[in-house]
Amino acid sequence: MQELRERGHSEARRIATNFFTTTMYLFGQEKQGEDLFNSTEATFLENYAQAKDNITEVGEQEIIESIGKLYPEYLLLFDRLRAADRETPSEFYLNTVKPHLDETKKECRNLLRINQNAMLRAEKQARRRSDYAIYSSISVLALVIIFGLLFGFKISRFIIRPLHRFILATREIGDGRLDYAVQEESQDEIGLLAQEFNKMASRLREYQAMNLERLIAEQKKTSVIVDTIDDCIIVASPDNRITLLNPAAENAFGIREDLAKGKHFLEVVNDERLLSLVKKTAEIGQGPAAEEVEKPLVVRRGDTEQAFRIRINPLKTETGKMIGTVTVLQDITHLREVDRLKSDFVSAVSHEFRTPLTSMLMAMGLLLEKTPGEINEKQKELLEATKEDVERLTHLVNNLLDLSRIESGKLGIDIAPIDPVQIAKVSVDLLRKQIDEKGVELVFDIQGLPSLVDADADKIGWVVSNIVGNALRYTESGGKITLGVTQKGERVHISVQDTGPGIPKEYQDKIFEKFFQVKRKGVVGARGAGIGLAISKEIVRAHGGSIWVESEEGKGSKFIFTLPVSKQRIGKDTVNE
Amino acid sequence: MSKKVLVVEDIKNIIMVIRMALEARGYQVMVAQDGVTAMQEVFSFKPDLILLDLVIPKLDGFMVLEGLKKDEKTKDIPVVVVSAKAAEEDIKRAKELGADEYLVKPFTPEELAEVVGRVAGQ
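Keep in mind that this is a model prediction, so the values were computed, not measured. (Residues numbered from 1 in each chain as written. Chains lettered and ligands numbered in written order. Predicted model: local features only at pLDDT ≥ 70, side-chain atom pairs only at ≥ 80, totals over all residues. Heavy atoms only, no water.)

Q: Pulling in residues and values, what's your account of the sheet that holds strand β9 (residues 480-488) of chain A?
A: Strand pairing in a sheet relies on backbone hydrogen bonds. The paired strands run either parallel or antiparallel. Residue and element names in this part refer to chain A. Spatial strand order, β7-β9-β10-β12-β11: five strands in an open sheet with mixed pairing. Bordering the open sheet on either side are β7 (441-446) and β11 (547-552), each of which pairs with just one other strand. Mean inter-strand twist for the sheet, computed between neighbouring axes without regard to direction, equals 15°. The pairing of strand β10 (residues 491-497) with strand β12 (residues 556-564) spans seven bridges and is antiparallel. Of the residues in β12, the one forming a bridge with Gln497 is Lys558. Strand contacts of helix α14 (residues 457-474): β9, β10, β11 and β12, with the helix running at about 175° to β12, the strand carrying the most contacts. (Pairing = 2+ DSSP bridges. Helix = DSSP H or I, 4+ residues; strand = E, 2+ residues; numbered from the N terminus. Axes fitted to C-alpha atoms, helices over the stretch in contact; angles between N-to-C directions. Contact = heavy atoms within 4.5 Å.)

Q: Can you explain the nonpolar core? Please cite residues and give values.
A: Residue and element names in this part refer to chain A. The biggest cluster of nonpolar side chains holds 43 residues, and the ones touching the most others in it are Ile460, Ile467, Val468, Leu483, Ile494, Phe559 and Phe561. Element by element, the count of residues in this core is highest for α14, at seven residues. Ala236, Phe265, Leu297 and Val299 belong to the second largest nonpolar core, which has 25 residues in total. (Core = buried A, V, L, I, M, F, W, Y, C linked by side-chain atoms within 4.5 Å. Buried < 20%, exposed > 50% of the residue type's maximum accessible area, 1.4 Å probe, protein only.)

Q: Tell me about helix α3 (residues 60-83) of chain A, and please be specific about residues and values.
A: A rise of 1.5 Å per residue sets the reference length of α3 of chain A, with its 24 residues, at 34 Å; its end C-alpha atoms lie 34 Å apart and thus fit the reference within 8%. Buried within α3 of chain A we find Glu60, Ile63, Ile64, Ser66, Ile67, Leu70, Tyr71, Tyr74, Leu77, Phe78 and Leu81 of chain A. (Expected span 1.5 Å × (residues − 1).)

Q: Outline the interface of chain B and chain A, supporting the account with residue identities and numerical values.
A: Taken together, the contacts link 23 residues of chain B with 21 residues of chain A. Taking both partners together, chain B and chain A bury about 1,800 Å²; carbon and sulfur atoms supply 69% of that area. Contact with chain A buries surface across chain B, with Val17, Glu88 and Pro106 of chain B losing the most and accounting together for 29% of the total. Counting every contact that joins chain B to chain A gives two residue pairs in polar contact (both at pLDDT 80 or more). Secondary structure elements with two or more residues in the side of chain B that touches chain A: α1 (12-24), α4 (88-96) and α5 (109-121) of chain B. The element contributing the most residues to the side of chain B that touches chain A is α1 of chain B, with seven residues. Tallied by class, residues from the side of chain B that touches chain A come to 15 nonpolar, two polar and six charged. (Buried area = accessible area lost by both parts, 1.4 Å probe. Polar contact = N/O pair within 3.5 Å; in protein donor to acceptor, adjacent residues only side chain to side chain. Nonpolar A, V, L, I, M, F, W, Y, C, P; charged D, E, K, R; others polar.)

In structure tokens:
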């Protein structure tokens, strides 16, 4: 196109140059004009030939042909002009050459116009093509994008959607809906995955069914045990509402399980103490201590009275979350009756023992006093041995009776504010002679100024002398017994420490049981009836205190019991403060 | 003049040892083996002290004690209850009825002599 435009311009220039040559010639510069003519004629002819060879536009052919006709005529006219008279060239020129030249110029301009038009057209066409190229590019790009999106969407439908189904299925199965299945739509990897997934769910279902069966069997077993057991079982929620009541409990408390469920504990078992124990268990997640449940629960229904031993356990999940309490009430009515009969028997027996013991003890005494007459040394020895055993028997009978009375609650405790140090000192005064005779050192260890205690002076005195008596029995000559009194908070601790053989660990709890004796090899003689500590324990407990032993074999034992600080004293102190 | 002790007791072995112990210490002893006899002997023997068992035939020890302490003529005679009953309620009841002392069986001759001596000497 550029070439075409240049060519058009050069043709026009040649023709213009020729016109200038003519004009120069006209105005007297013949030589110059002729030189210029000669030089431009060649260029014109060359350009004309080029234009003639390069006819591209409609009408261009006619114009070229017209110029081709006009040019020889012009040459002829130019020759005629050269040959014409010097005085008339302008006239010739104006009348002949110029019209011819104008026509030639006109044709040249036509050629130029045609070519320019062609150029414009070409440019327009080029622009159109370029626009077309841009539009087609955009269209192709848009198509590519649309196809890309469609393809992506298709891909996503193909891969993501099945994945979504799996996520949903996994969630459902995770939530326990094991009958959920994934559709097996295709035979590809997704389809295979779906098959395996469904297999897995089916195995889980089988496993669950198996577990469920086992669980049901376990539950059945437990429920049969709970139903058949004679003990009352009461299961309560953490907020003390009944969740289970076994038949024994239904009978004991006269309420059906279905009616009791959801009711408050107190509505079913009307006992504040039991409720407070259950509450505490639910709160601290730990069953009550042995002392707290030592006193049985007594339930009265009409004329009958039932006694239950209390056991309470927290119900926890494996993670330790409290889900309730289990209260087991063991019917000990019968046991209590047996116990009462035993106490009555012990009481009767010990009573019946007293009369013959009186005549025996008196007879021994009288013989030793030589009331009936003189006795020799050997007779005296025998009588003394017999008297000693009669005294031991008397002691046992007295203790047995005391114990049965304490156990049946008949031994009255006469509580008054008393000085524990005073009791301790008075109690050992009775044993002073024996202590000195055995060659044992007695030391008092009084810490500070212990408060008064609420206690029965006689009974506590008995406890102290019993424990000191035991210590004396087991302490060798040269040993030491330490009697301590110290206050710890609202309790006064009275302790008796000896340097005896100590008590093996396995016996330390049992020594407070009736008739229990620590069996020792090679130790003969030094033993009591095994009842003093049982009585001591009962007495201390009746005071609201506790008794225990700390002992290490070979190093000695330390018996400690506690008594509550007198309330009157506390009251006074509070007022004073 | 020796003091007179009425022993109200039904078991012969006990009667024997008590009599021996007291007589050895210079007391004059009279025995009544039941409650009714005891009430009669109080008036005929006129004891300075009565040793009274609670479980005796015909009239039990408590009734005898009550009768003695209600009667103006006998209420000042000291009574020592001698019993195998060691229950506190029995001791309390006897004391309330006017017993001067309560000696629980078994006891030694010294213990008996000490109590009798102390009460009779008052």
